[in-house]
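Results of the structural survey
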Amino acid sequence: MTVSREWSNLPAKLRAAVEQHQAEAPVDLAALARGFGLSVKAATLAPGISGEIRPEGNSFVIRVNRHDAAVRQRFTVAHEIAHFLLHQSEIGKGITDDVLYRSSLSGKIEAEANRLAADILMPDHLVQRIKANSEVLNINDIPLHLSKRFGVSESAMKIKLGL
Ligand SMILES: [Zn+2]
């Protein structure tokens, strides 16, 4: 398992603020967002749109498409938090992400947000600990088992596990 360079390069103070909410699985995204002064709302967004982050008042609001599956909504919230942590100066009047996490920003920036989102949802130390302690008998069942513990899709967990 590896961590992204986005995570490694995050200022220590921000990393510590995220880690406060990564002691147990699933990572408490709502508390994590609140810790940064962000509010998260489930909303009916336009078809094909998974999420957005916009300035409101003196902070930002994240809206996630309420019609998406729960694990997808979690990934979207983590993706928008990643934009807040990495790309705050690019947010402007707002970033809107479609179902493929494309926006008006570059593919490079979107890939950065996806990588950091994965490290927010699936912190290395916690995945390793839970994997080591899990009593799953069949090794093929581990990705699904871990994906349920972390509230992520099985495919996201497989990527994390390098499978
Ligand atoms: Zn995005």
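All values derive from a computational prediction rather than experimental measurement. (Residues numbered from 1 in each chain as written. Predicted model: local features only at pLDDT ≥ 70, side-chain atom pairs only at ≥ 80, totals over all residues. Heavy atoms only, no water.)

This part takes up the overall build of the protein. The secondary structure content of the protein amounts to 8 helices and 4 strands. Helices (α) and strands (β) of the protein occur, in sequence order from the N terminus, as α-α-α-β-β-β-α-β-α-α-α-α. For a compact globule of 163 residues, the expected C-alpha radius of gyration is about 15 Å, and the protein comes in at 15 Å, within 12% of that figure. Over its C-alpha atoms, taken along the principal directions, the protein stretches across nearly 50 × 35 × 25 Å. For the protein, buried positions account for 48% of its 163 residues. The long-range fraction of contacts in the protein, counting pairs at least 24 apart against all pairs at least 6 apart in sequence, stands at 58%. A total accessible area of about 8,500 Å² is found for the protein, and carbon and sulfur atoms account for 53% of it. Within the protein, the 18 negative side-chain charges are centred at a point lying 2 Å from the centre of the 20 positive side-chain charges. (Helix = DSSP H or I, 4+ residues; strand = E, 2+ residues; numbered from the N terminus. Rg over C-alpha atoms; globule rule 2.2 N^0.38 Å. Buried < 20%, exposed > 50% of the residue type's maximum accessible area, 1.4 Å probe, protein only. Contact = heavy atoms within 4.5 Å. Areas by Shrake-Rupley, 256 points an atom, 1.4 Å probe, with all protein chains shown as cover. Lys, Arg positive; Asp, Glu negative; His and termini not counted. Charge placed at Lys NZ, Arg CZ, Asp CG, Glu CD.)

Here we come to the environment of leucine 10. Locating leucine 10 in the fold gives a position in the loop between helix 1 (5-9) and helix 2 (12-19). Discounting residues that sit within four places of it in the chain, leucine 10 has contacts with Arg15, Leu85, Leu86 and Leu116.

Below, the discussion takes up helix 6 (residues 124-133). Taken together, the buried positions of helix 6 are Asp124, Leu126, Val127 and Ile130. Burial along helix 6 is one-sided: seen end-on, the buried residues are contained in an arc of 170°. Opposite the packed face of helix 6, turned more than 90 degrees from it, sit the exposed residues Ala132 and Asn133. (Arc of directions from axis to C-beta.)

Under the local residue numbering, the UniProt record ascribes the feature "domain: HTH Mu-type" (unreviewed entry) to residues 1-26. Across residues 1-26 one finds 50% helix and 0% strand; the C-alpha atoms that close the span lie 18 Å apart. (UniProt positions renumbered as here; feature names shortened; annotations may be inferred.)

Here we take up the coordination of the zinc ion. Protein-derived ligands of the zinc ion are His79 (NE2), His83 (NE2), Asp97 (OD), Asp97 (OD), Glu110 (OE) and Glu110 (OE), with the metal-ligand distances lying across 2.0 to 2.8 Å. Each of the 6 donor atoms bound to the zinc ion contributes to angles spanning 51 to 149°, and the resulting shape is irregular. Assessed through its relative accessible area of 0%, histidine 79 is described here as buried. (Donors = N, O, S within 2.8 Å, 3.2 Å for Na, K, Ca; no water. Tetrahedral: all angles 85-135°; square planar, octahedral: opposite > 155°, others 65-115°.)

Read across the sheet, 4 strands follow the order 1-3-2-4 without closing on themselves; strand pairing throughout is mixed. Edge positions in the sheet fall to strand 1 (39-43) and strand 4 (95-98), since each of these pairs with one other strand and no more. Taking each pair of neighbouring strands and ignoring which way they run, the sheet shows an average axis angle of 15°. Strand direction decides the pairing type here: strand 2 (residues 49-56) and strand 4, joined by 4 bridges, are antiparallel. Considered in strand 4, the bridge of glycine 51 is made with aspartate 97. (Pairing = 2+ DSSP bridges. Axes fitted to C-alpha atoms, helices over the stretch in contact; angles between N-to-C directions.)

Taken N-terminus to C-terminus, the directions of helix 4 (residues 70-86) and helix 5 (residues 107-121) make an angle of 115°; their axes are 8 Å apart at the nearest point. Note on packing geometry: the crossing formed by helix 4 with helix 5 is right-handed. Of helix 5, the residues touching helix 4 (which contributes Arg74, Phe75, Ala78, His79, Ile81, Ala82, His83, Leu85 and Leu86) are Ile109, Glu110, Glu112, Ala113, Asn114, Leu116, Ala117, Ala118, Ile120 and Leu121. (Left-handed = near helix turned anticlockwise from the far one by under 90°.)

Glancing now at the nonpolar core. The biggest cluster of nonpolar side chains holds 43 residues, and the ones touching the most others in it are Ile81, Leu85, Ile120 and Phe150. When contributions to this core are tallied by element, the ones reaching two or more residues are helix 3 (29-35), strand 3 (59-65), helix 4, helix 5, helix 6, helix 7 (142-150) and helix 8 (154-160). When near neighbours in sequence (up to four residues on either side) are disregarded, leucine 85 contacts Leu10, Leu14, Val18, Phe36, Leu116 and Ile120. (Core = buried A, V, L, I, M, F, W, Y, C linked by side-chain atoms within 4.5 Å.)

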